[in-house]
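# Architecture at a glance
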Amino acid sequence: MHGSTIGWLALGSMLALSACGHGPRDPRGVEHDEVLLQVTASGQAETAPNEARFSAGVSSIGATADAATAANNAIMNKVVSALAGFGVAKADIQTQRLTVARIDWGANRNKFEASNVVAVRMRAIDKAGPAIAAVTQAGANVLSGPDLRVADPEAASRSAYAAAFKAARARADTYAQAAGLKVARVLVIRDGGGAMPLAQGQMAMEDMANMRAQSAPPPVMAGTNTSQASVSVDFALGPK
């Protein structure tokens, strides 16, 4: 009985010493012989846009609200027909603004102005210039854009995400080498988000008459869009 008690005491002492030697585990996942390194990096990738978006509309003036609206509707139907001639589906044309208001100043005072503007999505950038020329020739006198975009921005950003992580890993390797250590493993990856700046252009209303007189459509050059992404990564650095 006495020997059994001594045995239990010895075993308890060994467990206590063992616990004191290793200590509690780091909740971040860093071992006792490792160093935590937190790195934030960014990356970017260039992608050619594959769709163009612009706004086209008509502003008409009449002696009455009905007259202004009737004139506006007639021209706007020609604008929509011109877009259909370039293969623009109805689902890619959305009404942005539809207004009728009395004019209280200037030479057209007490007359009415009707306005109808639609947002257009061109799925073929090479047709954007001719389509813009066609809607102005059909009577559109309100135009803005085009905004050149990538139809699937998430897919376009994947290369930027990969570039951001590679930059973080390269920075971690540099720090580790300078400290005489090596990257043991990745502990945490935090997505810092991504953004897709858009190539944009604007065309003023006063340029509409000049465009109608031109035989060649305005040039729309796709260029490239730049996707940017950032990432924060926790690395465990250990001995070589």
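Criteria and cut-off values
Residues numbered from 1 in each chain as written. Predicted model: local features only at pLDDT ≥ 70, side-chain atom pairs only at ≥ 80, totals over all residues. Heavy atoms only, no water. Core = buried A, V, L, I, M, F, W, Y, C linked by side-chain atoms within 4.5 Å. Buried < 20%, exposed > 50% of the residue type's maximum accessible area, 1.4 Å probe, protein only. Helix = DSSP H or I, 4+ residues; strand = E, 2+ residues; numbered from the N terminus. Contact = heavy atoms within 4.5 Å. Salt bridge = Lys/Arg side-chain N within 4 Å of Asp/Glu carboxyl O. pLDDT = per-residue confidence, 0-100. Pairing = 2+ DSSP bridges.

## Brief notes about the nonpolar core
Core analysis: the biggest nonpolar cluster contains 23 residues, and Phe54, Val79, Leu83, Val120 and Met122 have the highest contact counts within it. Of all the elements, helix H3 (residues 128–137) adds the most residues to this core, at five residues. Excluding residues that lie within four positions of it along the chain, Val79 makes contacts with Val58, Val135, Ala138 and Ala140. Counting residues in hydrophobic clusters, the runner-up holds 13 residues, among them Ala41, Val183, Val233 and Leu237.

## Thoughts on the pattern of salt bridges
Evaluated as defined, the whole model comprises eight salt bridges. Between Arg121 and Glu51 there is a salt bridge, and its shortest N-O distance comes to 2.8 Å. Here the residue Arg121 occupies a position in strand E4 (residues 112–122), and Glu51 occupies one in strand E2 (residues 51–62), the gap between them amounting to 70 residues. Of the residues examined, Arg121 reaches a relative accessible area of 21% and is grouped as partly exposed. Residue Asp92 is joined to Arg123 by a salt bridge in which the shortest nitrogen-to-oxygen separation is 2.9 Å. Separated by 31 residues along the polypeptide, Asp92 in the loop between helix H2 (65–84) and strand E3 (93–102) and Arg123 in the loop between E4 and H3 bring together distant segments of the chain. Of the residues examined, Asp92 reaches a relative accessible area of 10% and is grouped as buried. Via salt bridges that share partners, Glu51, Arg53 and Arg121 belong to a single interconnected network.

## Regarding the confidence of the model for the protein chain
The share of residues in the protein chain with pLDDT of 70 or more is 80%, and the mean pLDDT across the chain is 83. Low pLDDT, under 50, characterises residues 196–213; the predicted model gives this stretch 42 contacts beyond four residues in sequence or across chains.

## A look at the pairing of strand E8 (residues 225–239)
Of all 15 residues in E8, 11 are buried, a share of seventy percent or more. Strand direction decides the pairing type here: strand E1 (residues 35–47) and E8, joined by 13 bridges, are antiparallel. The residue of E8 that forms the bridge with Ser42 is Ser230.

## As for H3
A large share of H3 lies buried, amounting to eight of its 10 residues. All of the buried residues along H3 are Ala128, Gly129, Ala131, Ile132, Ala133, Ala134, Val135 and Thr136.

## Re the side chain of Ser232
Mapped onto the elements of the fold, Ser232 is located in strand E8. Discounting chain neighbours no more than four positions away, the residues touching Ser232 are Val39, Thr40, Val188, Ile189 and Arg190.

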